[in-house]
There are 4 protein chains.
Amino acid sequence: MREHDLPLERNYAEYESLRARFAAIRERTTYLCSPLEIEDYVVQPVAEVSPPKWHLGHTTWFFEHFILEKYFPQYRTFNKTYSLIFNSYYKSAGEHWQQKNRGVLSRPTVEDVRFYRNYVDSHMIEFMDSGPMTNEHRFLLKVGLNHEQQHQELLLMDIKYILGMNPLRCIYIDFELDGEFSRRDGWREIEPGIYNIGSDTQDFAFDNERPCHKVLVGRCSISSSLVTNEEYLEFIQAGGYSRPEFWLSKGWDWVVENRVGMPLYWYQEADVIYEYTLHDIRPLVGAAPVCHISYFEADAYARWKGLRLPTEYEFEILLGLSAAGALKGEKWHDYLAGGFHPRTLSSTGGQLWCWTKSQYAAYPGYTAFAGDLGEYNGKFMCNQFVLKGGCIASPRGHVGPAYRNFFEPQQRWMFSGICLAKDS
Amino acid sequence: MREHDLPLERNYAEYESLRARFAAIRERTTYLCSPLEIEDYVVQPVAEVSPPKWHLGHTTWFFEHFILEKYFPQYRTFNKTYSLIFNSYYKSAGEHWQQKNRGVLSRPTVEDVRFYRNYVDSHMIEFMDSGPMTNEHRFLLKVGLNHEQQHQELLLMDIKYILGMNPLRCIYIDFELDGEFSRRDGWREIEPGIYNIGSDTQDFAFDNERPCHKVLVGRCSISSSLVTNEEYLEFIQAGGYSRPEFWLSKGWDWVVENRVGMPLYWYQEADVIYEYTLHDIRPLVGAAPVCHISYFEADAYARWKGLRLPTEYEFEILLGLSAAGALKGEKWHDYLAGGFHPRTLSSTGGQLWCWTKSQYAAYPGYTAFAGDLGEYNGKFMCNQFVLKGGCIASPRGHVGPAYRNFFEPQQRWMFSGICLAKDS
Amino acid sequence: MREHDLPLERNYAEYESLRARFAAIRERTTYLCSPLEIEDYVVQPVAEVSPPKWHLGHTTWFFEHFILEKYFPQYRTFNKTYSLIFNSYYKSAGEHWQQKNRGVLSRPTVEDVRFYRNYVDSHMIEFMDSGPMTNEHRFLLKVGLNHEQQHQELLLMDIKYILGMNPLRCIYIDFELDGEFSRRDGWREIEPGIYNIGSDTQDFAFDNERPCHKVLVGRCSISSSLVTNEEYLEFIQAGGYSRPEFWLSKGWDWVVENRVGMPLYWYQEADVIYEYTLHDIRPLVGAAPVCHISYFEADAYARWKGLRLPTEYEFEILLGLSAAGALKGEKWHDYLAGGFHPRTLSSTGGQLWCWTKSQYAAYPGYTAFAGDLGEYNGKFMCNQFVLKGGCIASPRGHVGPAYRNFFEPQQRWMFSGICLAKDS
Amino acid sequence: MREHDLPLERNYAEYESLRARFAAIRERTTYLCSPLEIEDYVVQPVAEVSPPKWHLGHTTWFFEHFILEKYFPQYRTFNKTYSLIFNSYYKSAGEHWQQKNRGVLSRPTVEDVRFYRNYVDSHMIEFMDSGPMTNEHRFLLKVGLNHEQQHQELLLMDIKYILGMNPLRCIYIDFELDGEFSRRDGWREIEPGIYNIGSDTQDFAFDNERPCHKVLVGRCSISSSLVTNEEYLEFIQAGGYSRPEFWLSKGWDWVVENRVGMPLYWYQEADVIYEYTLHDIRPLVGAAPVCHISYFEADAYARWKGLRLPTEYEFEILLGLSAAGALKGEKWHDYLAGGFHPRTLSSTGGQLWCWTKSQYAAYPGYTAFAGDLGEYNGKFMCNQFVLKGGCIASPRGHVGPAYRNFFEPQQRWMFSGICLAKDS
């Protein structure tokens, strides 16, 4: 696929109508897959990486199950077996295929899934046009669109893994990466005090961002810049991966068992370290931010530096300050202006998800979404850590300061990086 | 694919020249895949089932590695990484991808593999045309062709598994199965005596069929008919899968751990048992032979009946007698005259591989093929049982009385059945 | 062992000297094992349950390694191989035996370990008597004693598991359990505000209790009573273990994979549910607190009730209020006055560790102990939840309001229970 | 235990009466355990190694279940739970504890098991004295005694593993090993012909030794000497463990996965290789036979030498020739005259079990023991290889030429060695 094939993304929040946003977001998902070969849609190299065609089907099933089957009487289910296949984990929505076995299904084919998408899309349009939507309908639609945007990022993560772990080392889109990696000046201080954390928007927010509540935060400083490849290399050269004193106990077990010695997508040949990106394979750019880092690695790196990771509160405050204009001139990445790889070191510029030291938990007064959707977020509040700030693969306008991403501490196939903090 | 798309198979042994056999056999492999969707070529539902595109690549690599790269100086390797991917298990041929992970590779694409086949095929033709072949060359070519024929059967086994385990229950070729399942009259007796076992042909035979040697065999009788579905159902209804006294110790563990209660490809819905075949899904035909049986099941069934499985010697003698004309009028199946599913009950008619009670071992005086090919058969002589007689998916002319197939006792995705024996 | 063989425990905090505390605490550890048969000292039924003789050796190694070998020049190591065996997980202290394999070692024998204890004890006394101890020495001694007290509770947990999982159902000490389980009146409210959390004692506190810091807490109520067996039975009878909607995702996987349907140590025979305790096996006492509950179960129960678990902050505040006299007349359990099983429903009376919804993390400004001891607590701050309040197996005086216990969410062999909370 | 504590073993076959044999054999089992500490009776370092106290209980349960409970009406079961614990794998005898979990049970104690033995022994004596035994009784008694003798050897194997894997490297009995390892002269030839294989004794034989039947055997030669440590070292030094071409496929996987590089009980320190025996730890004696070899290793060694392992038929013939006096002056080992470690190189002198290339299978016409005992041997005829000839840990008089031992190809904690063969 040539560079100009994938147009600059619009900020869908600006679309005048839900109907227009629906069309644009649904189209973009298909678009993201367009550089793929059929074979790329099918495989699942590890349990956490789903086949792209599964994402295409699952996001469609989401609208079918949560809206059309419930609220659009004339709708007829496309294929009753698809619920088994495309339900991810909603126990209340019936039996579902095991996540780790998604890659064993050759059928439905990609073509079948496209039919399914078209079928559901046309009925959704029909539904939206059939009369004024209730608040419930609008809410569900927004959930579905935000859900689809989350899967757009997952698609890029999974595509990167599928192509990047292959010994033939294929790339997604041939593209010349550039970047401007001059360091920001040092640390940004957060004043101690009581801050509002979480979202109180009248518009859509995920249940895990609510309710907005007050948190007491001490004085601290957060780095303006992400940790770079060359800084991380120093950690490696200092024996970082062979010195247990820097690691959490489970982290050390993970290092030993998986013989981890580098970030994901780094490969050493002779004396040169290469980095695989969605757009090329190149000798490591020392000044660029280190990517695809697990919590275990981020935490060990911080301990080695005598520093720490920020809490999710601290990072949210920093993002709020930035968004409010404190960092004049900073803007969030333009999609594919720079490709799906970081272009600056800015820790608040939506380059890489930043690990926080906060384990993912419910806010005080948390209430899950009603009904089946109650399984969306709440049931994962265990043994995961929060990441903040978005990344270059996040859909534009999708991620705000209150947004909480979360992953298990050993996972690193998302676009994650390290932003350090310290008490001050 | 319509029925007539796959032409009746010729008996390749009859081809006048190796060159003609090469072309015909190579073409047939591709042909067997022609009903597949691209997606079907890619997946690996369980470790022992390889993606069809892997078979296409591996059989090609076999000619490239064992003939072209060694004996055809002007040949240039198609892609050096393909050896990593398409070498199955020949340690002496360099590093190879782990068998269980073949299904995680989306690349090379099916199209890429077709290019690879064409490239190697045209060089093979060139090689064969470039002058008289030595005996060594002719031998390697025959190994390659017999090897490819083995993979033709594996392809049908794997395709059946890939399509049959999918909840959408797709079929391979729509085809009306028929069959004539009247029982043969009873038992065929083998006289006690010393018999020649194994192959002494001047033509090709696998190393594990050699040397021809003498074996003392006692009086026994072997059933003329395969065990039928309805006979096997009686075993089930008698509690066969819940009574450990019929099972080998490891067999019982296998039943319990995998909750096995039926042959593979049987599905119960309400009160009806269905059988999945490559051509349809139909209520179980009681009079047809029971298929896709593990050694553990065959052995337990025999014990329940108070009988036993034949030894590989006994079965080979019986096949020899049949082949010699003792069973006038019997002929081996015609491919796709009846589809890839048994059409008669004949235990010697090449309908289903028959489990023998013989563990797979070297014959006295066994010598492995020379060089890298030494890894072909010998290293698997451990914890496997021999099956004899061929099946409706075996290429015509490929399997003779001396041919030894072998599988682990829990495996059952091949076209295997039960033929009983008794001392007499 | 007869009841009177184990004397009432003194509150070691009251001992006039460290030397006296050392002698008393070390003796008590041995004492707790005195009812065991030699065989009971050796086994490890699951990875997390260590053989009692390992505890005896490990607590001894702790003094040998952290004090004698470093600060007492005339000391000679008892047996150099013991460090391999009795080092639990201190990577900086050299190679250590894998935790899960502690139960495969028959040697050193129990007698050998007693010699080891006596040897180290006599040298410790000598060391303490050899002159005034530095602050560093006193600190290490206190760590060692608190560490040993933690292992005293672990010993009781492990002994209970070793004896309770045995089909012969042995008991530890024959003892008539009694209890007074009248419910306290309802809920205790916590005023919103900023509270001091953590310890600022001049005396010993664990690193994970420090530093004392301020936390903003909202208005909430915490139950005065632990959840009872009969309340928990209602959850079971309402299908609690078969309804995924109440469970965390990982919790549901745990239920399914392990076929969990009851708290640990409950056994159903015919229609009667029995509970195994260290002192008897008796039909379930409905009014007594439910014990040996995992986080997953506590969390699911709370969700089923429409309530929640308290945070560790809330529970610490409640404990502080109680300790300060707000709950007149309440006292912590007297050891063996009531046996090692809860005697009241008081949620703050040190009956059962109460699960909190707080994942175990470092306090702001946390600093690990210096040196090798840095591995004591910090490296476990991942995928664990905090429990508060102590239990009837905790050594007297060992656990205060700031004490943080922590376990993985599926673990339940400790004396854990459920205390509910709600926003108000 | 001092050397003279364990008296020379008598050949129990010579005992005048079954009653006397019963007493002597039962006593010897207890005797073999007498050097152990209580702790040694309890542990199970790996699944295949049972705790000694389990052997003591299981052999007792065998008499209780198969004789006393069935044929001695006045007998009352000692403890009904013991059947759960001490039944090894007889499904028809009721539920049984999982083999791999035998080491988690601290109770019954060793003392309890001794009571159990005494109780059952006194009732067995009473039973034998209560009147003339039927043939059935005599048969069951002989099975029980031969079974107990098998467990005597297992006890020595398991004790060696328990003590030998412990980093404290304890020995069983301090004893000065000697040996006379001069090589026998070369090869012993077996004439081609038809031989009787198996047992037709009127006295006791195991079901798997029957029926005696005729086998056609070709000309071959079998080494008079076992392979020695120094010969095996040459294999190691030639890269034996790093060259896949010598190994069975499953064998190579075993080597890689377990990082095998030496026989069991060899340990290298600095440049010296030590061998652990039940009696000492000593630098490897080059001229002594190599011990504790898996089938995979024996087979790889033979392939490296360009030779092969004998079949079980060939070895049985050789043993028959030896037993018949062809090897004048050879005698079977005297127990503890030389300790439980080989003293000569004789391949037929009962020094080490010799691996054969024969997979363990039923003889033609095989019938399992009747009733529950049918599970004794037959159900293990799968994925095991036969070993012949006995070893220095086999009870005297227990193992004859027809005796078939069998183990899985990766197992090597029995006293196994290598005897080579070749076609000639």
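Calculation criteria
Residues numbered from 1 in each chain as written. Chains lettered and ligands numbered in written order. Predicted model: local features only at pLDDT ≥ 70, side-chain atom pairs only at ≥ 80, totals over all residues. Heavy atoms only, no water. Helix = DSSP H or I, 4+ residues; strand = E, 2+ residues; numbered from the N terminus. Rg over C-alpha atoms; globule rule 2.2 N^0.38 Å. Buried < 20%, exposed > 50% of the residue type's maximum accessible area, 1.4 Å probe, protein only. Areas by Shrake-Rupley, 256 points an atom, 1.4 Å probe, with all protein chains shown as cover. Lys, Arg positive; Asp, Glu negative; His and termini not counted. Charge placed at Lys NZ, Arg CZ, Asp CG, Glu CD. Pairing = 2+ DSSP bridges. Least-squares fit on C-alpha atoms with pLDDT ≥ 70 in both. Contact = heavy atoms within 4.5 Å. Salt bridge = Lys/Arg side-chain N within 4 Å of Asp/Glu carboxyl O. Axes fitted to C-alpha atoms, helices over the stretch in contact; angles between N-to-C directions. Buried area = accessible area lost by both parts, 1.4 Å probe. Polar contact = N/O pair within 3.5 Å; in protein donor to acceptor, adjacent residues only side chain to side chain. Nonpolar A, V, L, I, M, F, W, Y, C, P; charged D, E, K, R; others polar. Phe/Tyr/Trp six-rings, centres within 6.5 Å; stacked < 30°, edge-to-face > 60°. Lys NZ or Arg CZ within 6 Å of the ring centre and 35° of its normal. Parallel < 35°, antiparallel > 145°, perpendicular 65-115°, else oblique. Left-handed = near helix turned anticlockwise from the far one by under 90°. pLDDT = per-residue confidence, 0-100.

Moving on: the overall build of chain A. Scanning chain A from terminus to terminus reveals 9 helices and 12 strands. The C-alpha radius of gyration of chain A comes to 21 Å, within 12% of the 22 Å expected for a compact globule of 424 residues. Of all 424 residues assigned to chain A, the portion counted as buried reaches 61%. In the form shown here, chain A has an accessible surface area of approximately 15,900 Å², with 48% of it arising from carbon and sulfur atoms. Counting 43 positive and 54 negative side-chain charges, chain A places the centres of these two groups 3 Å from one another.

Moving on, we get to the pairing of strand 3 (residues 213-217) of chain B. Residue and element names in this part refer to chain B. Residues His213, Val215 and Val217 line the buried face of strand 3, whereas the alternating positions Lys214 and Leu216 sit on a face that is not buried. Both strand 2 (residues 193-197) and strand 3 contribute to a ladder of 5 bridges, which runs antiparallel. Directly across from Gly193, in strand 3, lies its bridge partner Val217.

Moving on, we get to the pairing of strand 4 (residues 220-223) of chain A. All names here are of chain A. A two-sided burial pattern is seen for strand 4, the buried positions comprising Cys220 and Ile222 on one face and Ser221 and Ser223 on the other. Bridge analysis of strand 1 (residues 187-190) against strand 4 gives 4 bridges, and the strand direction is antiparallel. Bridged to Ile190 within strand 4 is Cys220.

Right, let's talk about the relation of the copies chain B and chain A for a bit. After a rotation of 180 degrees and a shift along the axis of 0.0 Å, chain B superposes on chain A with an RMSD of 0.0 Å. What we have between these two chains is a two-fold relation. Across chain B, the rotation axis passes nearest the C-alpha of Glu39 of chain B, at a separation of 3.0 Å. A symmetric contact is evident, with 100% of the interface residues of chain B recurring at the interface of chain A.

With that settled, the discussion passes to the pattern of salt bridges. Residues and elements named next belong to chain B. One pass over the full model with this rule turns up 84 salt bridges over all chains. A salt bridge links Asp423 to Arg308, with the shortest nitrogen-to-oxygen separation between them at 2.9 Å. Note that Asp423 is positioned in strand 12 (residues 421-423) and Arg308 in the loop between helix 8 (295-305) and helix 9 (312-326), a separation of 115 residues in sequence. A relative accessible area of 42% means that Asp423 is categorised as partly exposed.

Here we take up unusual backbone geometry. Here the bond from Arg210 of chain C into Pro211 of chain C is cis, since omega is -10 degrees, no more than 30 degrees from zero. As for its placement among the helices and strands, Pro211 of chain C is situated in the loop between strand 2 (193-197) and strand 3 (213-217). At Asn383 of chain C, a position not held by glycine, the phi torsion is positive, near 60 degrees. Within the secondary structure, Asn383 of chain C sits in the loop between strand 8 (353-359) and strand 9 (385-388). A relative accessible area of 11% places Asn383 of chain C in the buried class. Phi at Arg259 of chain D is positive, roughly 50 degrees, even though this residue is not glycine. Assignment of secondary structure puts Arg259 of chain D in the loop between helix 7 (249-258) and strand 5 (266-269).

This part covers the sheet that holds strand 5 (residues 266-269) of chain B. All names here are of chain B. The sheet built from 3 strands is open, its strands ordered 5-6-7 with antiparallel pairing. If you trace the sheet from one side to the other, it starts and ends with strand 5 and strand 7 (281-283), each paired once. Taken pair by pair, the neighbouring strands of this sheet meet at an average axis angle of 35 degrees, ignoring direction. Two elements, strand 5 and strand 6 (residues 272-276), share 4 bridges in a ladder whose sense is antiparallel. Bridging across to strand 6, Trp266 finds its partner in Glu275.

Take the environment of Leu36 of chain C next. Residue and element names in this part refer to chain C. Mapped onto the secondary structure, Leu36 falls in the loop between helix 1 (18-33) and helix 2 (52-71). Judged by its relative accessible area of 12%, Leu36 falls in the buried class. When the C-alpha atoms of Leu36 and Trp61 are compared, they prove to be 22 Å apart, with 25 residues separating the residues in sequence. Not counting chain neighbours up to four residues away, the residues in contact with Leu36 comprise Tyr41, Pro52, Ile159 and Tyr172.

The residue His137 of chain A is located in helix 5 (residues 135-164) in this model. Every residue in contact with His137 of chain A, bar those within four places of it in the chain, is listed here: Tyr71 and Phe127 of chain A.

Turning our attention to the interface of chain B and chain A. Across the boundary between the two partners, chain B contributes 31 residues, which contact 31 residues of chain A. Together, Glu39, Arg107 and Leu168 of chain B form the three largest contributors to the area buried by chain B at its contact with chain A, with a combined 29%. Between Asp40 of chain A and Arg107 of chain B there is a salt bridge, with the nearest N and O atoms lying 2.5 Å from each other. In this assembly, chain B and chain A are joined by 8 residue pairs in polar contact (both at pLDDT 80 or more). Secondary structure elements with two or more residues in the side of chain B that touches chain A: helix 3 (81-86), helix 4 (110-129) and helix 5 (135-164) of chain B. Of all the elements, helix 3 of chain B adds the most residues to the side of chain B that touches chain A, at 4 residues. In the side of chain B that touches chain A, the residues fall into 18 nonpolar, 7 polar and 6 charged.

Residues and elements named next belong to chain B. Summed over the entire model, instances satisfying the criterion amount to 180 aromatic pairs over all chains. Centroid distance Tyr172 to Phe340: 6.4 Å. Interplanar angle 45 degrees. Geometry classified as tilted. Pair noted here: Tyr172 is in the loop between helix 5 and strand 1 (187-190) and Phe340 is in the loop between helix 9 and strand 8 (353-359), with a separation of 168 residues, a long-range link. Neither residue differs from the other here; Tyr172 and Phe340 are each classed as buried. The cationic tip of Arg169 hangs over the ring face of Tyr267; the distance from NZ or CZ to the ring centre is 3.6 Å.

All names here are of chain D. The N-to-C vectors of helix 2 (residues 52-71) and helix 4 (residues 110-129) enclose an angle of 30 degrees; their axes lie 9 Å apart at closest approach. Viewed along their axes, helix 2 and helix 4 adopt a mutual orientation that is roughly parallel. Considering how the two elements wind past one another, helix 2 and helix 4 form a crossing that is left-handed. Judged by residue contacts, Lys53, Leu56, Gly57, Thr59, Thr60, Trp61, Phe63, Glu64, Ile67, Leu68 and Tyr71 of helix 2 engage Val110, Val113, Tyr116, Arg117, Val120, His123, Met124 and Phe127 from helix 4. Here the contact of helix 2 with helix 4 is composed, by residue class, of 12 nonpolar, 4 polar and 3 charged.

Take the confidence of the model for chain A next. In low-pLDDT segments, the atomic positions of the prediction should not be examined closely. Residue and element names in this part refer to chain A. Here chain A shows a mean pLDDT of 91. Residues at 70 or above account for 92%. Confidence over residues 1-8 falls short of pLDDT 50; this stretch has 18 contacts with residues more than four positions distant or in other chains. The ipTM assigned to the predicted complex is 0.93, against a pTM of 0.94.

With that settled, consider the interface of chain C and chain A. Frequently, the measure chosen for interface size is the accessible area that the parts lose on association. If you look at the interface, chain C gives 29 residues, while chain A gives 29 residues. Buried surface at the junction of chain C and chain A, summed over both partners, amounts to about 2,300 Å²; 58% is from carbon and sulfur atoms. At the boundary of chain C and chain A, one finds 2 salt bridges. Close ionic contact of Lys250 of chain A with Glu408 of chain C constitutes a salt bridge, the shortest N to O distance being 2.4 Å. Across the chain C-chain A interface, the total number found is 8 residue pairs in polar contact (both at pLDDT 80 or more). Put simply, the parts of the chain that give the side of chain C that touches chain A at least two residues each are strand 3, helix 7 (249-258) and strand 8 of chain C. Here the side of chain C that touches chain A is built from residues that sort into 16 nonpolar, 6 polar and 7 charged.

Residue and element names in this part refer to chain B. Pairing in this open sheet of 3 strands is antiparallel, and the strands run 1-4-12 from one edge to the other. Across the chains shown, the open sheet's two edge strands, defined by having one partner strand only, are strand 1 and strand 12. With direction set aside, neighbouring strand axes in the sheet form an average angle of 25 degrees. The pairing of strand 4 (residues 220-223) with strand 12 spans 3 bridges and is classified as antiparallel. What sits directly across from Ile222, in strand 12, is Ala421.

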